[in-house]
Amino acid sequence: MTTMTDSSVREFKMPDVGEGLTEAEILKWYVQPGDTVTDGQVVCEVETAKAAVELPIPYDGVVRELHFPEGTTVDVGTSIIAVAVGDGAAAAAEPVQEAVADTPAAEEEAKPVARQPVLVGYGVSTSSTRRRPRKGAQAPAAAQAASAAVQAEINGHGPAAPAAPVAPAAPAGGDRPLAKPPVRKLAKDLGVDLATVVPSGPDGVITREDVHAAVAAATPAAAPEPAPAAAVSAPSPAAAPASRDTARETRVPVKGVRKATAAAMVGSAFTAPHVTEFVTVDVTRTMKLVEELKQDKEYTGLRVNPLLLIAKALLVAIKRNPDVNASWDEAAQEIVVKHYVNLGIAAATPRGLIVPNIKDAHAQTLPQLAGSLGELVTTAREGKTSPSAMQGGTVTITNVGVFGVDTGTPILNPGESAILAVGAIKLQPWVHKGKVKPRQVTTLALSFDHRLVDGELGSKVLADVAAVLEQPKRLISWA
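Residues numbered from 1 in each chain as written. Predicted model: local features only at pLDDT ≥ 70, side-chain atom pairs only at ≥ 80, totals over all residues. Heavy atoms only, no water.

Asker: I keep staring at the overall build of the protein and nothing clicks. Help me out?
Answerer: Check the secondary structure of the protein and you find twelve helices and 20 strands. With 479 residues in all, the protein has 38% of them scored as buried. (Helix = DSSP H or I, 4+ residues; strand = E, 2+ residues; numbered from the N terminus. Buried < 20%, exposed > 50% of the residue type's maximum accessible area, 1.4 Å probe, protein only.)

Have a look at this one:
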């Protein structure tokens, strides 16, 4: 997504890399201003609510400006990088001299400042694009200097002993400070008055970073100011931000995968009436089969583990009980029965929980399923799962047993009607052929949407999965 700002500069906008996504966080820039880029070259990596995605630039040119530093969450449709193309590419490679100012002091400040190395991003850069000024008088030079100082401190290379803070100019004509609704909510939650915040965004828009900087600037200056004489007794002020013990607490912004997971789980838990059933089963024969398959030449190089046979057992159970593979369409007031199975596998990654799925898993042979599972797990661990791989799932497996947990009550993935939790496989005393013997035992839990899956249907599915794992030869007789 690009926009022409003049004859030689193109603005590349944050695209919607998934279906209906509204924002993405810039994880890493691979280019800097002055770098030459070619059509199709990856310029940055962004994290959406579903996955990390690399963004290629769709034309040749020279990078003129990066509009946002790393770690910034940007709305879809917002310009993130300016690239000079054609005749403007040569000019963009040279430092841009901005026309300025009303006073000699302002002319001095207008000179471009070399970027300084920082821990995150490429440091502060002066915008080289021309934007329509805000209504009312321009901010005085003192406010501009304060903005630069605050931004420098955010990036970790500000002065060790900052000068006395300069209050920002009040908005002309009594205008409200410019900020997006999420930023206003953040300021309200942190007890920050937006009128006292120095904006650093385009056209004087206050950003999240500005609000956090205002909180950080206020915290060290917590020395109580002398109260006015004869002050009227008032209720205790809400000083929540100042009372936070940053040495004993860590606050992590909710964004990306964590934000999407939270929204999905809340929506699922309070939309679909969940029912969970449990069964404990002897999987000794299944574990023996796993060991035999590992020695089979047909499975050389493939990931063979209990999850493979559990996944196949669930696919067989769905074939025998197809109505469980469905979804509830609230708008149309219909139950949508799927004649295909996109098998989701819940995966814990450094960025959080994701649920990629194997497309048309019902049509795959056991070796094909082993290959698909191996590829899915490897891609997820490397953080390269694409948004399309996490869309269209019909039923999910979550293997909590890898953490030594017996089982759980899993929450449905939105749009699905069933999810199977697999517990740890342990050696336990078990009655086998009339005698108590040590056997490999696990507990399965099936959660289902009671709007479209009755207790009978859910029980049959869980019983069939257990029966296959107890007697894996049923993979042949029931297939």
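Asker: Would you explain the packing of aromatic side chains in this entry?
Answerer: Remark: the centre distance and the inter-plane angle together describe each pair of aromatic rings, the angle taken between the planes. Applying the stated criterion across every chain yields a total of zero aromatic pairs. In this arrangement the basic side chain of Arg 320 is found over the ring face of Trp 478, its NZ or CZ atom lying 3.8 Å from the centre. (Phe/Tyr/Trp six-rings, centres within 6.5 Å; stacked < 30°, edge-to-face > 60°. Lys NZ or Arg CZ within 6 Å of the ring centre and 35° of its normal.)

Asker: Teacher, can you tell me more about the packing of helix α9 (residues 306–320) against helix α10 (residues 366–381) here?
Answerer: In helix packing, the relevant descriptors are the interaxial angle and the interaxial distance, both defined with respect to the helix axes. Taken N-terminus to C-terminus, the directions of α9 and α10 make an angle of 120 degrees; their axes are 10 Å apart at the nearest point. Our classification of the angle between α9 and α10 gives oblique. The crossing of α9 and α10 is right-handed. For the pair formed by α9 and α10, the contact residues are Leu 307, Leu 308, Leu 309, Ala 311, Lys 312 and Leu 315 on the first element and Leu 366, Leu 369, Ala 370 and Leu 373 on the second. Residue composition of the contact of α9 with α10, grouped by class: nine nonpolar, no polar and one charged. (Axes fitted to C-alpha atoms, helices over the stretch in contact; angles between N-to-C directions. Parallel < 35°, antiparallel > 145°, perpendicular 65-115°, else oblique. Left-handed = near helix turned anticlockwise from the far one by under 90°. Contact = heavy atoms within 4.5 Å. Nonpolar A, V, L, I, M, F, W, Y, C, P; charged D, E, K, R; others polar.)

Asker: Looking at this structure, how should I read a nonpolar patch on the surface?
Answerer: A contiguous nonpolar patch, built from Val 402, Phe 403 and Val 405 and spanning about 310 Å² of accessible area, is present on the exposed surface. Relative to the assigned elements, Phe 403 resides in the loop between β17 (395–399) and β18 (418–422). (Patch = residues over 30% accessible without salt bridge, like charges linked within 9 Å, V, L, I, M, F, W, Y side chains within 5 Å. Areas by Shrake-Rupley, 256 points an atom, 1.4 Å probe, with all protein chains shown as cover. Salt bridge = Lys/Arg side-chain N within 4 Å of Asp/Glu carboxyl O.)

Asker: Which parts of the structure should I look at to understand the packing of α9 against helix α11 (residues 455–470)?
Answerer: Relative orientation of the contacting elements α9 and α11 amounts to 135 degrees, with a least axis distance of 8 Å. Here α9 is positioned oblique relative to α11, judged by the angle of their axes. Our pair here, α9 against α11, has a crossing hand that is right-handed. Side by side, α9 and α11 meet where Leu 309, Ile 310, Ala 313, Leu 314, Val 316, Ala 317 and Arg 320 of the first sit next to Val 461, Asp 464, Val 465, Val 468 and Leu 469 of the second.

Asker: Please explain the nonpolar core as it appears in this structure.
Answerer: Among soluble globular proteins, nonpolar side chains are generally buried collectively. Membership of the largest hydrophobic core comes to 48 residues, with the highest contact counts inside it found for Leu 314, Leu 343, Leu 369, Ile 397, Leu 420, Leu 444 and Val 465. Per-element tally for this core: the top contributor is α9, with eleven residues. Residues in contact with Leu 369, not counting those within four places in the same chain, are Leu 308, Ala 311, Lys 312, Leu 315, Ile 358, Ala 361 and Gln 364. By size, the runner-up hydrophobic cluster in this structure holds 22 residues, among which are Ile 26, Val 43, Leu 55 and Val 85. (Core = buried A, V, L, I, M, F, W, Y, C linked by side-chain atoms within 4.5 Å.)

Asker: Explanation requested: the pattern of salt bridges in the structure shown.
Answerer: Note that side chains of opposite charge can pair when their charged atoms are close. All told, the structure shown has seven salt bridges when counted by the stated rule. For the salt bridge of Glu 291 with Lys 294, the shortest nitrogen-to-oxygen distance reads 3.7 Å. Placement of the pair is Glu 291 and Lys 294 together in helix α8 (residues 284–295), with a separation of three residues, close to one helical turn. For Lys 294, a relative accessible area of 45% gives the class partly exposed. One salt-bridge network, held together by shared partners, links Glu 330, Asp 449 and Arg 451.

Asker: Even after reading the chapter, I still don't get the pairing of strand β12 (residues 334–337), so can you show me in this structure?
Answerer: Note that strand β11 (residues 326–329) and β12 share four bridges and pair antiparallel. Its bridge partner being in β12, Asp 329 is matched across the sheet by Glu 334. A loop of four residues connects β11 with β12, the two strands running antiparallel in sequence, and Gln 333 in this loop sits at a positive phi of about 55 degrees. (Pairing = 2+ DSSP bridges.)

Asker: Can you walk me through the side chain of Thr 349 in this structure?
Answerer: Mapped onto the elements, Thr 349 comes out in strand β14 (residues 347–349). Those residues in contact with Thr 349 that sit more than four places away from it in its chain are Ile 354 and Ala 380.

Asker: Is there a simple way to think about the side chain of Arg 439 in this case?
Answerer: Examined against the element boundaries, Arg 439 turns out to sit in strand β20 (residues 435–449). Among the polar contacts listed, one links the side chain of Arg 439 to the side chain of Asp 282, at a separation of 2.9 Å. Sequence-distant contacts of Arg 439, that is, excluding residues within four places in its chain, are made with Asp 282, Thr 284, Arg 285, Lys 426, Leu 427, Gln 428, Trp 430 and His 432. (Polar contact = N/O pair within 3.5 Å; in protein donor to acceptor, adjacent residues only side chain to side chain.)

Asker: I'm lost on empty space enclosed by the protein in this one. Help?
Answerer: It is a probe the size of a water molecule, rolled over the atoms, that shows where empty space is left. Evaluated as defined, the whole model comprises two cavities of 30 Å³ or more. Approximately 30 Å³ is the volume found for the second largest cavity. Lining the second largest cavity we find Val 283, Thr 286, Ile 310, Val 422, Ile 425, Thr 442 and Leu 469. When grouped by side-chain class, the residues that make up the lining of the second largest cavity number five nonpolar, two polar and no charged. (1 Å grid on protein atoms, 1.4 Å probe; cavity = no way out; pocket = protein on both sides within 12 Å on 5 of 7 lines; lining within 4 Å. Points joined across faces, edges and corners; volume = space filled by probe spheres on them.)

Asker: What exactly am I supposed to notice about the sheet that holds strand β3 (residues 23–29) here?
Answerer: Strand pairing in a sheet relies on backbone hydrogen bonds, with the paired strands running either antiparallel or parallel. Read across the sheet, four strands follow the order β6-β5-β3-β8 without closing on themselves; strand pairing throughout is antiparallel. The sheet is open, and its two borders are formed by β6 (52–56) and β8 (73–75), each paired with just one other strand. Direction aside, neighbouring strands of the sheet carry axes that sit 40 degrees apart on average. One ladder, built from five bridges, connects strand β5 (residues 42–47) with β6; its direction is antiparallel. When the sheet's bridge partners are listed, Glu 45 is paired in β6 with Glu 54.

The quantities given are spatial measurements derived from coordinates; they are silent on function.
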